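Single-letter residue listing:
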Amino acid sequence: MSATASQAGVIPVIFAAAIMALPPTVASFFPKSQSFVNQHFQYGSIQYLSIEFVLIIVFTYFYTAVQFNPVDQADNLRKYGGYIPGIRPGPPTAQYLDRVLSRLTLPGSCYLGLIAVMPGLFIYYFNFSQATSRALGGTSVIIVVGVALDTMRQMESQMMMRSYEGFLK
């Protein structure tokens, strides 16, 4: 998983799913438009999956921009004496971080979009049952992998603390 996909997590997928649930909900209040919405917003259709994929990309960029501020990160690096080799502290570091973040966000957002759209493709085109496809794909996979990685990091830090003797004996 790319760093940006981890940074955004499952939030863009949740936002996109909420937006995609809006047209059928609104159409339920207007019975005359319900057939149009049911035809074009059927889960698994190409239109639905394409719009959901694009929304996930948009929300990944949005959420990453809200969560990660390159200027603040560059200032924090400078304050605490850190630096990126070959990059001057201050605005050049912020520009470098922004450029790296922009390059990582596209593959990360495409990854999130593909993982979220795959169950719909399996249901619609390969006749998988909805329960099986939803359980083995989409947000559940992202959550399980995230929890597994977090558990591994916690276990490693606990093992490091137990083997660390410190300066005083």
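Preceding this section is the structure that the text describes.
Attention here is on the structure that accompanies the text. In this text the structure is predicted, and so the values were computed from the model without any measurement.

What counts and what doesn't
Here the residue numbering is sequential within each chain, running from 1 through the sequence in written order. The model is predicted, so local features are restricted to residues of pLDDT at least 70 and side-chain atom pairs to those at 80 or more, both for listing and for counting; the totals for chains, interfaces and linings are taken over all residues. The side-chain numbers reported here are obtained from all heavy atoms of the structure, hydrogens and water having been left aside. Secondary structure elements follow DSSP: runs of H or I no shorter than four residues count as helices, runs of E no shorter than two count as strands, and numbering proceeds from the N terminus. The cut-offs for exposure are 20% and 50% of the maximum accessible area for each residue type, with area from a 1.4 Å probe on protein chains only; residues under the lower value are buried, those over the upper are exposed, and the others partly exposed. For this analysis, residues touch if any pair of their heavy atoms sits within 4.5 Å. In this scheme, a helix's expected span is set at 1.5 Å multiplied by one less than its residue total. For a residue, the bend is simply the angle between two axes, fitted respectively to the seven-residue segment ending there and the seven-residue segment starting there. Here, nonpolar core refers to any group of buried Ala, Val, Leu, Ile, Met, Phe, Trp, Tyr and Cys residues whose side-chain atoms link them within 4.5 Å. For this analysis, a ring pair means two rings from Phe, Tyr or Trp (six-membered ring only for Trp) whose centres lie within 6.5 Å, classed as stacked if their planes differ by under 30 degrees, edge-to-face if by over 60, and tilted for the remaining angles. Lines are fitted to the C-alpha atoms to define the axes, a helix being fitted only along its stretch in contact, and any angle between axes, read from their N-to-C directions, falls within 0 to 180 degrees. By definition in this entry, angles of less than 35 degrees are roughly parallel, angles greater than 145 are roughly antiparallel, angles of 65 to 115 are roughly perpendicular, and the rest are oblique. For any pair of crossing helices, the crossing counts as left-handed if the nearer helix is rotated counterclockwise from the farther one by less than a right angle, and right-handed if it is rotated clockwise. Three residue categories are used. Nonpolar comprises Ala, Val, Leu, Ile, Met, Phe, Trp, Tyr, Cys and Pro, charged comprises Asp, Glu, Lys and Arg, and polar comprises the others, including Gly.

Our focus in this paragraph is the overall build of the protein. Within the protein one finds 8 helices and 0 strands. Counted from the first residue to the last, the protein has its helices and strands arranged as α-α-α-α-α-α-α-α. Every one of the 169 residues in the protein was classed for burial, and the buried ones make up 27%. Residue pairs in contact within the protein that sit at least 24 positions apart in sequence constitute 69% of those at least 6 positions apart.

Glancing now at the environment of Val58. Relative to the assigned elements, Val58 resides in helix 4 (residues 46-67). A sequence separation of 46 residues divides Val58 from Pro12, and the C-alpha atoms of the two residues are 8.1 Å apart.

On to helix 6 (residues 91-125), then. Look at helix 6: 50 Å from first C-alpha to last across 35 residues, which is about the 51 Å you get at 1.5 Å a residue. Val117 marks where helix 6 bends most, by close to 35 degrees; the proline Pro119 follows one to four residues later. Directly beyond the C-terminal end of helix 6, a positive phi value near 55 degrees is found at Asn127.

The next subject is the nonpolar core. Note that soluble globular proteins tend to have their nonpolar side chains buried in a common cluster. Of all hydrophobic cores here, the largest spans 15 residues; its most connected members are Val13, Ala16, Leu55, Ile56, Leu112 and Ile142. Elements with a minimum of two residues in this core: helix 2 (11-27), helix 4 and helix 6. Those residues in contact with Ile142, other than ones at most four positions away along the chain, are Gly9, Val10, Val13, Leu112 and Ile115.

A word on the packing of aromatic side chains. This model, assessed by the stated rule, comprises 1 aromatic pair. Ring centres of Phe15 and Phe59 lie 5.5 Å apart, and the angle between their planes is 75 degrees; this geometry places the pair in the edge-to-face category. Placement of the pair is Phe15 in helix 2 and Phe59 in helix 4, with a sequence separation of 44 residues. In this structure Phe15 comes out as partly exposed when scored by relative accessible area, which is 34%.

Right, let's get into the packing of helix 4 against helix 6. Where helix 4 contacts helix 6, the axes come no closer than 9 Å and their chain directions differ by 150 degrees. By the angle between their directions, the pair helix 4 and helix 6 is classed as roughly antiparallel. Here the hand of the crossing between helix 4 and helix 6 comes out right-handed. The residue inventory of the contact of helix 4 with helix 6, partitioned by class, reads 15 nonpolar, 7 polar and 1 charged.

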